[in-house]
Amino acid sequence: MNRYGVFGNPIEHSLSPVIHTLFAKQTGLDIQYDKVLAPINDFAHSAKSFIDQGAKGFNITVPFKIEAFNLATQLTLNAQTAGAVNTIKVNGSELIGENTDGTGLVNDLTKNLGIDLDNKTILVLGAGGATRGILLPLLKQAPKRLMIANRTTSKAEQLALDFSSYGKTCGFGLEKIKDTPVDVIINATSASLDGQMPTIANGVANDAICYDLMYGTQTPFMDWANANNAKMVVDGLGMLVEQAAAAFEFWTGKQPNTQEVIRSLRS
Ligand code: NDP
């Protein structure tokens, strides 16, 4: 039996063991997947002892994604551009760091929701770790333009600059969002965690696809999108399952049926 797990602090809330156990059942693999509560200042030691116990790989969630980036001995392009690692594969003495968050979001949008991002105008709210992780996979879909708007303007400007070689990007403050519609809005701020919605021009949501990375509850962003004539309003549960599926495939080479798992979690 191969052993995997997820590191975080806190970790009790994590749905990853449920998701990976369903994937294993679907694909006929015999795996053990644990939640590991690592001490805030001792992630590397915890991870090494998990590897010494024979683990083949693990996921990493808040607040250890940057420490996992530093622990990896090799990085995929997704991980390099994200500056953070959410998946490590143990390959002999090599620890291969990947970031599957952006692949998860893009697969949910394109495969599960049937949204074609090619030549579309995308507005991303927020310029934190999640935004850094989703930008490259979004830009690979060849959108017409990808705008990053953030409360702290300089962070949005910096991200737009960092990713400008992968597509047409621009960054500005939330107050600069125009009152005219875009095709897709992605809320990658953590405002929903505090029950808040940043104040932005309402007209931008008209007929747009509005996607909140947060999941598990109807968020203020989703309420705002519904109130402002959005075409489709979605939470981040599909992304959570898809990023897990990309990690599962990275470790095992097997592609699980994500729609079945998303349906099961929603019910
Ligand atoms: P970070 O802490 O790295 O970044 C937070 C971002 O939110 C910053 O840009 C910050 O702006 C902005 N922000 C916070 N509060 C407010 C507010 N009240 N008004 C406006 N902007 C605000 O968080 P992450 O990037 O790691 O996570 C963002 C969200 O994505 C979380 O809700 C997380 O749960 C979700 N997520 C979901 C995943 C999934 O699988 N579905 C995967 C990964 C993340 P500033 O720079 O000005 O501080």
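Worth saying up front: this structure is predicted, and the values here are computed from it rather than measured.

**A short note on the nonpolar core**
Among the nonpolar cores identified, the biggest contains 27 residues, and Leu105, Leu138 and Ile186 are the most heavily contacted of them. Looking at this core, the elements with two or more residues in it are α5 (101-112), β7 (121-125), α6 (129-139), β8 (145-150), α7 (153-162), β10 (184-187) and β11 (209-212). Looking at which element gives the most residues to this core, the answer is α6, with five residues. Excluding residues within four positions of it along the chain, Ile186 makes contact with Leu105, Leu109, Ile122, Leu123, Val124, Leu125, Ile134, Leu138, Tyr211 and Leu213. Counting residues in each nonpolar core, the second largest holds 21 residues, with Cys170, Val182, Met222 and Ala225 among its members.

**Notes on the site of the ligand**
Surveying the vicinity of the ligand reveals 23 residues, the closest of which are Ala130, Asn150, Thr152, Lys155 and Leu213. Arg151 places a side-chain nitrogen or oxygen 2.9 Å from an oxygen atom of the ligand. One of the backbone nitrogen or oxygen atoms of Gly236 is found 3.1 Å away from a nitrogen atom of the ligand. In isolation the ligand offers 940 Å² of accessible surface; the protein chains occlude 78% of this area. Elements with a minimum of two residues in the shell around the ligand: α6 and α9 (237-252). Residue composition of the shell around the ligand, by class: 11 nonpolar, nine polar and three charged.

**Describing the side chain of Thr169**
The residue Thr169 is located in strand β9 (residues 169-173) in this model. On the basis of relative accessibility, which here comes to 18%, the residue Thr169 falls in the buried class. Of the polar contacts made by the side chain of Thr169, one reaches the backbone oxygen of Ala160; its length is 2.7 Å. Filtering out sequence-adjacent residues up to four positions away, Thr169 remains in contact with Leu139, Leu146, Ala160, Phe163 and Ser164.

**So, the pattern of salt bridges**
Opposite charge on two side chains permits them to pair, given that their charged atoms come into close proximity. Following the criterion strictly, the structure yields five salt bridges and no others. Here Arg132 and Asp162 are joined by a salt bridge, their closest N and O atoms 2.8 Å apart. In this pair, Arg132 is assigned in helix α6 and Asp162 in helix α7, connecting sequence segments 30 residues apart. Overall, the relative accessible area of 26% leaves Arg132 in the partly exposed class. Among the residues examined, Asp162 registers a relative accessible area of 34% and is labelled partly exposed.

**Focus: the packing of helix α1 (residues 16-27) against α9**
Running from N to C, α1 and α9 cross one another at 55°; their axes reach a closest spacing of 10 Å. For the element pair α1 / α9, the angle class is oblique. Regarding α1 and α9, the two cross each other, and that crossing is right-handed. When α1 is examined against α9, the residues Ile19, His20, Phe23, Ala24 and Thr27 are found in contact with a partner set consisting of Leu240, Val241, Ala244, Ala245, Phe248 and Trp251. Its residues assigned to classes, the contact of α1 with α9 shows nine nonpolar, two polar and no charged.

Each value, and the rule that gives it
- Residues numbered from 1 in each chain as written.
- Predicted model: local features only at pLDDT ≥ 70, side-chain atom pairs only at ≥ 80, totals over all residues.
- Heavy atoms only, no water.
- Core = buried A, V, L, I, M, F, W, Y, C linked by side-chain atoms within 4.5 Å.
- Buried < 20%, exposed > 50% of the residue type's maximum accessible area, 1.4 Å probe, protein only.
- Helix = DSSP H or I, 4+ residues; strand = E, 2+ residues; numbered from the N terminus.
- Contact = heavy atoms within 4.5 Å.
- Near = heavy atom within 4 Å.
- Polar contact = N/O pair within 3.5 Å; in protein donor to acceptor, adjacent residues only side chain to side chain.
- Areas by Shrake-Rupley, 256 points an atom, 1.4 Å probe, with all protein chains shown as cover.
- Nonpolar A, V, L, I, M, F, W, Y, C, P; charged D, E, K, R; others polar.
- Salt bridge = Lys/Arg side-chain N within 4 Å of Asp/Glu carboxyl O.
- Axes fitted to C-alpha atoms, helices over the stretch in contact; angles between N-to-C directions.
- Parallel < 35°, antiparallel > 145°, perpendicular 65-115°, else oblique.
- Left-handed = near helix turned anticlockwise from the far one by under 90°.

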